[in-house]
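Residues per chain, in single letters:
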Amino acid sequence: MAPLPAPAPASLLCLFFLCLLAAPCPGARAARFACNATAPRASTCQALISYAPPNGTATPTLAAVRALFQLRSHRALLAANGLPLSTPPTAPAPAPLRVRLPCLCSGGAGATFQRPTYRVRAGDTLDAVARGVFAGLVTYQDIAAANNVSDPNRVAVGQQLWIPVPCSCDPVAGQPVVHFTYVVPTGGSVAGIAQEFSTTEETILAVNKMADSKALVAGQVLDVPLRACGSAISSTAIDRNLLVPNGSYVLTANNCVMCGCSSSTWQLDCQPTQGLSSSFCPAAKCGDMFLGNTSSTSSCESTTCSYAGYTNTTSFAILANVTTSNVCNAGMSPVAQPVHSSAFRLERAWLRWTELVFSLHVVLVCLGYLRQD
């Protein structure tokens, strides 16, 4: 048999380029959020998860998202997103949607506690579940490790999987925060994310142990600490660890009290829910003032009958204290505007188009060389 002719150098070069173009992109990196709290109450918290349906899928309803993450109430989903309580479960879910889930710290890292779970369907792989169902909040390696799965491509139909979404309960710079698990969108930048969530680039880089903002990539799972409103809640109250970031509210005290976060004062603004609870709601007063009432004492100062938590030691009681705030000095320092963030996104898009055109050109040239050979 005659030996095969040696391929021409141009053919070898073309084959090399074609192999590079055909190579799969590296898989997403598993995110590990530092969570070093060890005290019983400090090692658990309520974290926020950002969820946007994967590309190419229909917009889910609020009820569908609630079912996916096994949320105990529709109201909790509305509260996390600052939506009116009258919003029906059949309403389309805004994207991205904030999902409040319990977080547990263990071994220096945090993951959502027991929820969400997913029941395997025919044709599922762990990668399809991680990216196609949970939109890249976890990797298939995370799911495999959490569920002792040896082969990610072979999972039993009907198997119940725990989806360990990364989260944290740690304070940042000595201050309590709400940690927000956020998937970086295409064109996202550290500066833009910092501006959107009223934090700083330095904070995001430090919390995520990133040396350079240029290392950020689309699809990366970031820990974004959200500033929480201060409160007058007593250290002996059942809900003493209540943290609420701007843009959301919570229902507490057996649904008798609604607390929102004001970005003007950065203090909890709590009001009675007026019949929302199915149980008896005791009145909360500060002398002659009812819970949530405010009176001005000067042009800058005001006093408020503030929520101080609830107890259930002998009987269900809602606590309230008079607090004084200075509205003239309560404003938050403005966050620096991102520098060239829009130009950065434009440059990234231009580079992607350039790479595509170059790749197509290489393919056409190589096919011509191979045909000649």
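Described below are features of the structure shown in this document.

Reading the values: the criteria
Residues numbered from 1 in each chain as written. Predicted model: local features only at pLDDT ≥ 70, side-chain atom pairs only at ≥ 80, totals over all residues. Heavy atoms only, no water. Pairing = 2+ DSSP bridges. Helix = DSSP H or I, 4+ residues; strand = E, 2+ residues; numbered from the N terminus. Axes fitted to C-alpha atoms, helices over the stretch in contact; angles between N-to-C directions. Buried < 20%, exposed > 50% of the residue type's maximum accessible area, 1.4 Å probe, protein only. Lys, Arg positive; Asp, Glu negative; His and termini not counted. Salt bridge = Lys/Arg side-chain N within 4 Å of Asp/Glu carboxyl O. Polar contact = N/O pair within 3.5 Å; in protein donor to acceptor, adjacent residues only side chain to side chain. Parallel < 35°, antiparallel > 145°, perpendicular 65-115°, else oblique. Left-handed = near helix turned anticlockwise from the far one by under 90°. Contact = heavy atoms within 4.5 Å.

## Examining the sheet that holds strand 3 (residues 109-112)
Logical step 1: Strands sit in the order 3-2-1-6-7 across an open sheet of 5 strands; the sheet is mixed. Two strands close off the open sheet at either side, each with one partner strand: strand 3 and strand 7 (221-227). Adjacent strand axes in the sheet meet at a mean angle of 35 degrees when their direction is disregarded.

## Quick word on the side chain of aspartate 223
Logical step 1: The residue aspartate 223 is located in strand 7 in this model.
Logical step 2: One buried charged side chain, aspartate 223, makes no salt bridge at all; its nearest oppositely charged neighbour is lysine 209, positioned 8.3 Å away.
Logical step 3: Separated by 2.9 Å, the side chains of aspartate 223 and histidine 179 make a polar contact.

## Overview of the sheet that holds strand 10 (residues 268-272)
Logical step 1: The antiparallel open sheet is built from 3 strands, whose spatial order is 8-9-10. Two strands close off the open sheet at either side, each with one partner strand: strand 8 (249-252) and strand 10. Going across the sheet, the axis of each strand differs from the next one's by a mean of 25 degrees, ignoring polarity.
Logical step 2: Pairing between strand 9 (residues 257-261) and strand 10: 5 bridges, direction antiparallel. In the strand pairing of strand 10, cysteine 261 is matched with leucine 268.

## Observations regarding the pattern of salt bridges
Logical step 1: Summed over the entire model, instances satisfying the criterion amount to 1 salt bridge.
Logical step 2: In this structure, arginine 131 and aspartate 127 form a salt bridge, with 2.7 Å as the shortest nitrogen-oxygen distance. On the criterion of helical spacing, the pair formed by arginine 131 and aspartate 127 is a turn pair, its members being 4 residues apart in helix 4 (residues 126-133).

## Things to note about the packing of helix 4 against helix 5 (residues 140-147)
Logical step 1: Closest axis-to-axis distance for the helix 4/helix 5 pair is 8 Å, and the angle between their directions is 125 degrees. When the axes of helix 4 and helix 5 are compared, the pair comes out oblique. Regarding helix 4 and helix 5, the two cross each other, and that crossing is right-handed. Along its contact with helix 4, which presents Leu126, Asp127, Val129 and Ala130, the element helix 5 presents Tyr140, Ile143 and Ala144.

Nothing here speaks to function; it is geometry throughout.
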